Amino acid sequence: MQSLSNSYSVENFRVDTGYDGMAYVDPANPDRIYLGERYFEAGGNSQAGVLTHEMSHFNSVGATNDITLGGLGQLFKTLMLPPTDALGNAQSYTVCGACSTYGGMAQCMR
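Rules used in this analysis
- Residues numbered from 1 in each chain as written.
- Predicted model: local features only at pLDDT ≥ 70, side-chain atom pairs only at ≥ 80, totals over all residues.
- Heavy atoms only, no water.
- Helix = DSSP H or I, 4+ residues; strand = E, 2+ residues; numbered from the N terminus.
- Buried < 20%, exposed > 50% of the residue type's maximum accessible area, 1.4 Å probe, protein only.
- Contact = heavy atoms within 4.5 Å.
- Expected span 1.5 Å × (residues − 1).
- Phe/Tyr/Trp six-rings, centres within 6.5 Å; stacked < 30°, edge-to-face > 60°.
- Core = buried A, V, L, I, M, F, W, Y, C linked by side-chain atoms within 4.5 Å.
- Pairing = 2+ DSSP bridges.

(A) Spatial organisation of the overall build of the chain. Secondary structure assignment for the chain yields six helices and three strands. Listed N to C, the secondary structure of the chain is α-β-β-β-α-α-α-α-α in terms of helices and strands. Looking at the chain as a whole, 29% of its 110 residues qualify as buried. When contacts within the chain are restricted to residue pairs at least 6 apart in sequence, long-range pairs at least 24 apart make up 39% of them.

Structure, rendered in structure tokens:
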């Protein structure tokens, strides 16, 4: 994912004003992330999490699905997934990235 992220520029993003969600991708096309209106209402940390989540869907990264989604209530469901499900869950990548940013899982759980 890091090499894909490093290769991205402004041209890889498209705004979809007709989409009410945060973002979406075509998993077979790692050249585009489509940003919805709600993406621009989110804070910087949330935006980074959304991009991590969406990039994990790409077939070339993780080919993940949406088993759980964002939000505090979903966080505990995400953390309790069996390992095989966690590896295939896009939100697991977001949680892992956030916990790494904030000093590890112990800091996330405070």
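(B) The arrangement of helix 2 (residues 44-56) in detail. End to end, helix 2 covers 19 Å across 13 residues, agreeing with the expected 18 Å (1.5 Å per residue, within 8%). Residues of helix 2 that are buried: Q47, G49, V50, L51, H53, E54, M55 and S56.

(C) View of the packing of aromatic side chains. Evaluated as defined, the whole model comprises four aromatic pairs. With centroids separated by 5.5 Å and ring planes inclined at 75 degrees, the aromatic side chains of Y8 and F13 adopt a geometry described as edge-to-face. Exposure remark for Y8: the relative accessible area of 13% places this residue in the buried category. With a centroid separation of 4.8 Å and 70 degrees between ring planes, the pair formed by Y19 and Y24 is classed as edge-to-face. Taking relative accessible area as the criterion, Y24 reaches 27% and is therefore assigned partly exposed. Joined through ring pairs, the aromatic side chains of Y19, Y24 and Y34 make up one cluster.

(D) How the structure looks around the nonpolar core. Counting 11 residues, the largest nonpolar core consists of L4, Y8, A23, V25, I33, L35, Y39, V50, L51, M55 and F58. Looking at this core, the elements with two or more residues in it are strand 3 (33-35) and helix 2. When residues of this core are assigned to their parent elements, the largest contribution, three residues, is made by helix 2. Once residues within four sequence positions are removed from consideration, V25 is found in contact with R32, I33, E54, H57 and F58.

(E) Just the sheet that holds strand 3, in detail. The mixed open sheet is built from three strands, whose spatial order is 1-3-2. Two strands lie at the open edges of the sheet, namely strand 1 (13-15) and strand 2 (23-24), each paired on one side alone. Across three bridges, strand 1 lies against strand 3 in parallel orientation. By the bridge assignment, R14 is partnered in strand 3 with Y34.

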